Amino acid sequence: GRVRSQTRRVNSGNGGRTVYGHMMKLGTINSGYLVVKLNRGDWTTGRLVHRLVAEAFIGLGPSKQEVNHKDLNKHNNCVGNLEWVTRSDNLFHRALAGVGRGENNGSTVLSVKQVQEIRKRHASGEGYKRISRELGLNWGTVRNVAARRTWKWLEDPNSGTRGGGALSVTSKPA
């Protein structure tokens with residue numbers, strides 16, 4: 001998963017010089033993937049390391065396909081951990097592993113306990129506005145949780161049901 005520059009001959013005013021290859025410095029972008037800057041003259045571009053590794057050792061991927069990290073570790077760019085998949089397959093792989101759901105979602109404002117409390121209180125007859133005021137939440141958030149528009153995958157501790165949702169499947173349909 002490391003990137004090495006090539007040894008190359010560079011023309012200069014005194015006939016040129018040899019620039020020896022070296023391990024390139026990697027950075028991390030906001031989504032957590034490793035990136036490397038590639039230069040040619042005055043042109044610079046950032047490239048995702050996992051895509052460079054896949055293109056170099058697996059081959060160019062089919063049109064509109066993504067590189068999937070089999071172990072979900074965005075820093076593990078070893079060729080054996082990478083594969084070309086469709087966007088749908090990539091999202092399905094993440095969903096089965098629970099990535100981006102519930103408290104693992106960086107934009108969530110609720111905990112599992114709060115979701116369970118909202119559903120329990122609403123089931124006992126409390127209104128959305130009262131629950132939202134007491135918990136300091138937007139009433140629409142409370143309504144969506146109670147109506148299972150969000151957090152669908154979370155089982156109801158009293159009934160053991162999930163309330164539907166695409167993430168309750170165990171294998172991808174054909």
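Everything quoted here is computed from the prediction, not taken from an experiment.

Could you give an account of a nonpolar patch on the surface, naming the residues involved and the relevant values?
On the surface, F57, I58 and V79 cluster together into a nonpolar patch covering about 300 Å² of accessible area. Tracing the chain through its elements places V79 in the loop between strand 6 (66-69) and strand 7 (82-85). Residue V79 is classed as partly exposed on the basis of its relative accessible area, which comes to 40%.

Any chance you could break down the pattern of salt bridges for me, citing the residues and the numbers?
By the definition in use, this model includes eight salt bridges. Put simply, R87 and E66 hold a salt bridge, and the shortest N to O gap is 3.2 Å. Here R87 is found in helix 2 (residues 87-97), whereas its partner E66 is found in strand 6, with 21 residues between them in sequence. Among the ionic pairs, R121 bridges to E117, the shortest N-O distance being 3.1 Å. Of this pair, R121 and E117 both sit in helix 3 (residues 112-123), four residues apart, which is roughly one turn of that helix. Linked through salt bridges whose partners overlap, the residues forming this network are E117, R121, E126, R130 and E134.

Any chance you could break down the sheet that holds strand 3 (residues 26-28) for me, citing the residues and the numbers?
If you trace the three strands from one edge of the open sheet to the other, you get 3-4-5, paired in antiparallel fashion. Strands at the two margins of the open sheet, each flanked by one partner only, are strand 3 and strand 5 (43-48). For this sheet the average axis-to-axis angle between neighbouring strands, irrespective of direction, equals 40 degrees. Against the sheet, helix 1 (residues 49-57) makes contact with strand 3, strand 4 (34-40) and strand 5, and its axis sits at roughly 80 degrees relative to strand 5, the strand it touches most.

Now, about helix 5 (residues 139-146): what can you tell me, with residues and values included?
Along helix 5, the positions that sit buried rather than exposed are G140, V142, V145 and A146. Close packing links the buried residues of helix 5 with helix 3 and helix 4 (128-135). Two to three positions downstream of the cap, the backbone nitrogen of G140 sits 2.6 Å from a side-chain oxygen, assigning the N-cap of helix 5 to N138. Directly after helix 5, the chain includes R148, whose backbone phi takes a positive value near 65 degrees.

Parameters at a glance
Residues numbered from 1 in each chain as written. Predicted model: local features only at pLDDT ≥ 70, side-chain atom pairs only at ≥ 80, totals over all residues. Heavy atoms only, no water. Patch = residues over 30% accessible without salt bridge, like charges linked within 9 Å, V, L, I, M, F, W, Y side chains within 5 Å. Areas by Shrake-Rupley, 256 points an atom, 1.4 Å probe, with all protein chains shown as cover. Salt bridge = Lys/Arg side-chain N within 4 Å of Asp/Glu carboxyl O. Helix = DSSP H or I, 4+ residues; strand = E, 2+ residues; numbered from the N terminus. Buried < 20%, exposed > 50% of the residue type's maximum accessible area, 1.4 Å probe, protein only. Pairing = 2+ DSSP bridges. Axes fitted to C-alpha atoms, helices over the stretch in contact; angles between N-to-C directions. Contact = heavy atoms within 4.5 Å. Polar contact = N/O pair within 3.5 Å; in protein donor to acceptor, adjacent residues only side chain to side chain.

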